[in-house]
Amino acid sequence: MKRGTMRTERTDTRGVTINLLAEICETDVSTIEGAQRLREDLGMDSLQSLELLSCVSEALKIDLDIEEAMGIRTVDDACEFVLSQYQDQRGHGRS
Amino acid sequence: MAAPDLTAEQAEPEVVDLLLPEVARFMARDVDGAAIDREGLIPPAVREAAGRLGLFGMTIPGAYGGAGLSLGAASRVVAEMARVDRSVAIMVGLHCGLGTRGLVELGNPALKSRWLPRLASGATIASFAATEANAGSDLMAIRTTGRATEHGLRIEGEKSYVTNGGFAGLFTVLARTPGLGGARAHSLVCIPADTPGIVLGREEDKLGIRGSSTVTVTFDGAVVPLDHVLGTPGKGLEHAYEILTWGRTLMSAGCVGTARGALDAARAHVAARRQFGRAVGEFGATRAHVAWMAARTHAMQAMVSSVAELHAAGSSIEIESAMAKVFCSDGAFEVCDRSLQLHGALGFLEETGVARMLRDCRITRIFEGANDVLLVRVGAGVLGGKGTFDVRCVPELSDVAERLEGAERTLRHEARAMAERLGVEAIRHQVALQRLARALIALRAAAAVLERASGESLPTARYTAELLLEEARSWLDRLWWADRDEAAAREMTDRMAAP
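Residues numbered from 1 in each chain as written. Chains lettered and ligands numbered in written order. Predicted model: local features only at pLDDT ≥ 70, side-chain atom pairs only at ≥ 80, totals over all residues. Heavy atoms only, no water.

### Notes on the overall build of chain B
Piece 1. Looking only at helices and strands, chain B has 15 helices and 10 strands in total.
Piece 2. For a compact globule of 499 residues, the expected C-alpha radius of gyration is about 23 Å, and chain B comes in at 23 Å, within 12% of that figure.
Piece 3. Seen through its C-alpha atoms, chain B measures out along the principal axes to roughly 70 × 55 × 55 Å.
Piece 4. Going through the 499 residues of chain B one by one, you find that 56% of them count as buried.
Piece 5. Within chain B, contacts between residues separated by at least 24 positions form 76% of all contacts whose residues are at least 6 apart in sequence.
Piece 6. One way to put it: in chain B the 55 positive side-chain charges average out to a point 2 Å from where the 60 negative ones average out. (Helix = DSSP H or I, 4+ residues; strand = E, 2+ residues; numbered from the N terminus. Rg over C-alpha atoms; globule rule 2.2 N^0.38 Å. Buried < 20%, exposed > 50% of the residue type's maximum accessible area, 1.4 Å probe, protein only. Contact = heavy atoms within 4.5 Å. Lys, Arg positive; Asp, Glu negative; His and termini not counted. Charge placed at Lys NZ, Arg CZ, Asp CG, Glu CD.)

### Side note on the confidence of the model for chain A
Piece 1. Confidence along chain A averages 82 in pLDDT terms, with 83% of residues attaining 70 or more.
Piece 2. The secondary structure element of chain A with the lowest average pLDDT is helix α1 (residues 3-25) of chain A, at 78, and the one with the highest is helix α4 (residues 75-91) of chain A, at 89. (pLDDT = per-residue confidence, 0-100.)

### Quick notes on the interface of chain B and chain A
Piece 1. On the chain A side, the residues contacting the 27 residues of chain B number 29 residues.
Piece 2. When chain B packs against chain A, close to 2500 Å² is buried across both sides, 53% of that on carbon and sulfur atoms.
Piece 3. On inspection of chain B and its partner chain A, the count reaches four salt bridges.
Piece 4. Here A:Arg39 and B:Glu318 are joined by a salt bridge, their closest N and O atoms 3.2 Å apart.
Piece 5. Our count for the chain B to chain A interface comes out at nine residue pairs in polar contact (both at pLDDT 80 or more).
Piece 6. Sorting elements by how many residues they give to the side of chain B that touches chain A places helix α11 (residues 371-383) of chain B first, with five residues.
Piece 7. Residue composition of the side of chain B that touches chain A, by class: 12 nonpolar, four polar and 11 charged. (Buried area = accessible area lost by both parts, 1.4 Å probe. Salt bridge = Lys/Arg side-chain N within 4 Å of Asp/Glu carboxyl O. Polar contact = N/O pair within 3.5 Å; in protein donor to acceptor, adjacent residues only side chain to side chain. Nonpolar A, V, L, I, M, F, W, Y, C, P; charged D, E, K, R; others polar.)

### Digging into the packing of helix α7 (residues 236-272) of chain B against helix α10 (residues 354-362) of chain B
Residues and elements named next belong to chain B.
Piece 1. Interaxial distance between α7 and α10 falls to 10 Å at its minimum, and their mutual angle equals 160°. Judged by the inter-axis angle, α7 sits roughly antiparallel to α10. Note that α7 runs across α10; the crossing there is left-handed. Contact with α7, carried on its side by Thr258, Gly261, Ala262 and Ala265, involves Val354, Met357 and Cys361 of α10 and no other residues of that element.
Piece 2. For the contact of α7 with α10, the class distribution of residues is five nonpolar, two polar and no charged. (Axes fitted to C-alpha atoms, helices over the stretch in contact; angles between N-to-C directions. Parallel < 35°, antiparallel > 145°, perpendicular 65-115°, else oblique. Left-handed = near helix turned anticlockwise from the far one by under 90°.)

### Some remarks on the nonpolar core
Residues and elements named next belong to chain B.
Piece 1. Membership of the largest hydrophobic core comes to 179 residues, with the highest contact counts inside it found for Val77 and Met81.
Piece 2. The element best represented in this core is α7, accounting for 17 residues.
Piece 3. Other than its neighbours up to four places away in sequence, Val77 contacts Val16, Leu19, Leu20, Val23, Leu55, Met58 and Leu69.
Piece 4. Counting 17 residues, the second-largest nonpolar core is a separate cluster that includes Ile155, Val173, Val215 and Val224. (Core = buried A, V, L, I, M, F, W, Y, C linked by side-chain atoms within 4.5 Å.)

### Some thoughts on the pairing of strand β3 (residues 152-163) of chain B
Regular strands place side chains that alternate from one sheet face to the opposite one.
Piece 1. Examined bridge by bridge, strand β2 (residues 145-149) of chain B and β3(B) share five bridges and lie antiparallel to one another. When the bridges of β3(B) are listed, B:Thr149 appears paired with B:Gly152. (Pairing = 2+ DSSP bridges.)

### Thoughts on helix α5 (residues 86-106) of chain B
Residues and elements named next belong to chain B.
Piece 1. Look at α5: 28 Å from first C-alpha to last across 21 residues, which is about the 30 Å you get at 1.5 Å a residue.
Piece 2. Considering bend angle alone, the principal kink of α5 is centred on Thr100 and spans about 60°.
Piece 3. The buried fraction of α5 amounts to 19 of the 21 residues, a majority that puts the element mostly inside the structure.
Piece 4. If you check the start of α5, you find a side-chain oxygen 3.2 Å away from the backbone N of Ser87, and it comes from Asp85. (Expected span 1.5 Å × (residues − 1). Bend = angle between axes of the 7 residues up to and from the residue.)

### Points about the side chain of B:His269
Piece 1. Position of B:His269 relative to the elements: it lies in helix α7.
Piece 2. Beyond its immediate chain neighbours, meaning those up to four positions away, B:His269 contacts B:Leu342, B:His343 and B:Leu346.

### Here's the deal with the domain arrangement of chain B
All names here are of chain B.
Piece 1. Along its sequence, chain B is carved into domain 1 (12-124), domain 2 (128-234) and domain 3 (239-485).
Piece 2. Distance from the C-alpha centre of domain 1 to the C-alpha centre of domain 2: 22 Å.
Piece 3. Listed by partner, the interface residues are 24 residues for domain 1 and 18 residues for domain 2.
Piece 4. Here domain 1 and domain 2 share an interface that buries about 1800 Å² over both sides, 67% of which is from carbon and sulfur atoms.
Piece 5. The largest per-residue losses of area from domain 1 upon contact with domain 2 belong to Leu106, Leu111 and Trp115, which jointly make up 23% of the total buried on that side.
Piece 6. At the junction of domain 1 with domain 2, the criterion picks out zero salt bridges.
Piece 7. Our count for the contact surface shared by domain 1 and domain 2 stands at seven residue pairs in polar contact (both at pLDDT 80 or more). (Domains from an automatic or database assignment.)

### Topic: the packing of aromatic side chains
Residue and element names in this part refer to chain B.
Piece 1. A full pass over the atoms with the stated rule returns two aromatic pairs over all chains.
Piece 2. Residues Phe171 and Phe219 carry aromatic rings whose centres are separated by 6.2 Å and whose planes lie at 90° to one another, so their mutual orientation is edge-to-face. Note that Phe171 is positioned in strand β4 (residues 170-176) and Phe219 in strand β7 (residues 214-224), a separation of 48 residues in sequence. A single burial state applies to Phe171 and to Phe219, both of which are buried.
Piece 3. Centroid distance Phe276 to Phe283: 6.3 Å. Interplanar angle 90°. Geometry classified as edge-to-face.
Piece 4. A relative accessible area of 78% places Phe276 in the exposed class.
Piece 5. Phe283 sits in the partly exposed class, given a relative accessible area of 25%.
Piece 6. Over the face of the ring belonging to Phe167 we find Arg47, whose NZ or CZ atom lies 4.1 Å from the ring centre.
Piece 7. Across the ring face of Trp115, the terminal group of Arg118 is positioned such that the distance to the ring centre comes to 4.6 Å. (Phe/Tyr/Trp six-rings, centres within 6.5 Å; stacked < 30°, edge-to-face > 60°. Lys NZ or Arg CZ within 6 Å of the ring centre and 35° of its normal.)

Below is the structure:
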């Protein structure tokens, strides 16, 4: 994968994740920071975190493993998890 | 507690053993449940008597004039009160749980010194305000906001269904506090009721717990010093979830008490009532009802004890307190319903008191986390491997324990299969999640029963655990049809014309 493509994918999946997160938290995208913890800082319980990832999975048309999803703690964790799954699944020709 | 004096020499269970008869005497002597229900008011004299007995201080540390009882000990006291009257039990339980827990655990020393002694004596009653008109189970949706100003934190917003609100002297309020710990931050704030800018709505006219005070509280620019924020500013939701585990456990204990009251009433009635030449209680169908009610009450008690022991051991009780809340609130309602049924037409009349118990416990399936939502949450936890438990029991019950472990393995297998098949999409399959949760709760309750069984309680424990195992298997069977049921429901409701 070319460097430029990787950066674009990173931006796209991160953008989708953070936009959906802002929507669920009913807040402005600009207030979301990578280091924020979903539970402690954003007040999301486990169900809401899974709801977020379910929305991401739908939007990006990828499968996300629930057990791994439950281990996510921060906004950056969520974005990295989504990106890695996206690249894995797209890299293997899945859509 | 104030009256029996907790001393270092006495172990807590012994103190509670001494206290419970006093609580029973207080409830019998000072509390007229029917009058409280009829008039929709707990008389101030009842509050004062409860205060003299030390009930409001039972979970407040001794350094501040309370008895510093554990969650388990306080649960036994709340259950004893609820056996007689749920309005009074909820007034005290809310004060000891959601009302004061935040201050006890998270308040700064000055705030604790100022408020806890009077909260312990009952001179001030505590309340908790989180729910809003558009924010029930979804606490993230709250709109009440606290903004830091040069004078302190200025609160604007309206809280609904505030228990104890009509006579509370101190509110613990969950508010958005942008600027305190981040733009998205929420904080828990202690707000004295005499703060200018607080307006109380009228008392709500309710189906049950009619004596319990339930009002809307409007904060119209109420200002409190910044040191009234409890715990870490900005961590309010996290703190609220933690406090809710206490509240739910005490509320579950209240359900145990209500169930005991309904069971006692049913037993007395079926022993006295004669039909077809025999006491109604001698018929097999009646015995089956009574045995079921006794078994369910026994399991509810075991579940509450189990949660309290986990808490005492320092473990998180987030998922366990939710499971207990669902199990106990549903259980109490069904025990009351069966008790009413056994009373025949007489049960439908208010004079037996069973109708009141049924009305009183209906709300427990809704507040402090609606059961429907908690079930989805517990079900999601099962998918993530949460809610595991050990099965320990005496050798006489090892056959039941083995079957229980087998059922748990099946449950985990089904959960793994669902997670693998659906990934995070599983979160949208709410009916399946609820059935998984129901199965887990039944198994968890059975395990709690087996763990506590010994001597004379062995036959009751065996019967109770067998019933719960059957329930769990039935929910696992119905798991097969969950997606079909949810799809059919979607189709049907989509076709329905707008009301």
